[in-house]
Structure formats: C-alpha cells, structure tokens
Amino acid sequence: MSIDIKSWAKKYKDLTENDDTIKAMAKYYTCSFLFDMESVKVIIEMHDGKVKNINTSPGGLDPYDFALRASEKTWENLQDLFQSLCIMVSMQLLLEEIF
C-alpha cells in the first residue's frame, strides 16, 4: 500500500471534523481506536467528537479501545470510503451502547 501517512492523517482529521453528520452524532464521543492496515498502523484518539491526536507510528504498548483490522487489499478496495465508514461504524456502536 503506497500511502503518505502524514497526509492521510491530516485529511482524516479535516474530513472528520468538517462533516456535519459526524459532528452531530459524535458530540460526546470519546475513545481511541487502531486502524491496522498490515504495514501501516494508526491510533486515533477522539475527544468529544474531535480528533485529539493521530499516532502515525504506534508502538506495541500504545493503548487503544478497539481495533479495526483488515488486509492491505481490503483497505485498498475501500480507500475512498473507509474513513467515513469506520467513523460511522464506531459511532453506531457508541449510540447502541448509550440507547
């Protein structure tokens, strides 16, 4: 997977924080999660619906609440959609937990 992880992280933050649906649904969303794309791993920390930090080179002991893991091929097939999809899936799980 050819990816500039720093550019991806900036784009992810911008898309997440500028999406009206995500803003409305994630107002109280606080957690951290790992995207595992085999050769690339990223831990995203969310606080009150905003991206607090994106760790683009996580170590083995860096904490996170849950992981989304898939093969590089799977992530490549979802490249245009996976940012919003993964956020929406995690938001739905949070909402199901609350209600």
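Higher on the page you've got the structure.
Position numbers for residues count from 1 along each chain, tracking the sequence in the order it is written. Only residues with pLDDT of 70 or above have their local features reported here, since the model is predicted, and side-chain atom pairs are shown and tallied only from 80 upward, although totals for entire chains, interfaces and linings are computed over all residues. Side-chain calculation: all heavy atoms of the structure are included, whereas hydrogens and water are not.

So, the nonpolar core
Right, so step 1: For this analysis, a nonpolar core means a set of buried residues of the types Ala, Val, Leu, Ile, Met, Phe, Trp, Tyr and Cys, connected via side-chain atoms within 4.5 Å. Residue exposure (1.4 Å probe, protein chains only): buried if accessible area is under 20% of the type maximum, exposed if over 50%, otherwise partly exposed. Counting residues in hydrophobic clusters, the biggest one holds 18 residues, and the most contacted among them are Trp8, Tyr12, Phe33, Phe35, Val42, Ile44 and Ile54.
Right, so step 2: Within the residue set of this core, elements represented by two or more residues are helix H1 (5–17), strand S1 (31–36), strand S2 (41–47) and strand S3 (50–55).
Right, so step 3: The numbering of helices and of strands both runs from the N terminus, where a helix is a DSSP run of H or I of at least 4 residues and a strand a run of E of at least 2. For this core, the element with the highest residue contribution is H1, accounting for 4 residues.

What to know about the environment of alanine 70
Right, so step 1: Inspection of the secondary structure puts alanine 70 in the loop between strand S4 (66–69) and helix H3 (72–77).
Right, so step 2: Here alanine 70 falls in the partly exposed class, since its relative accessible area comes to 23%.
Right, so step 3: C-alpha of alanine 70 to C-alpha of methionine 37: the two residues are 33 residues apart in sequence and 5.8 Å apart in space.

Thoughts on the packing of aromatic side chains
Right, so step 1: Ring geometry is summarised as follows: Phe, Tyr and Trp rings, the Trp one being its six-membered ring, pair when their centres sit within 6.5 Å, and such pairs are stacked at plane angles under 30 degrees, edge-to-face over 60 and tilted between the two. Tallied over the entire structure, the rule returns 5 aromatic pairs.
Right, so step 2: With a centroid separation of 5.9 Å and 80° between ring planes, the pair formed by tyrosine 12 and phenylalanine 35 is classed as edge-to-face. Of the two residues, tyrosine 12 is situated in helix H1 and phenylalanine 35 in strand S1; the sequence distance between them amounts to 23 residues.
Right, so step 3: Its relative accessible area of 0% is what places phenylalanine 35 among the buried residues.
Right, so step 4: Through successive ring pairs, a cluster of aromatic residues spans Trp8, Tyr12, Phe33, Phe35 and Phe66.

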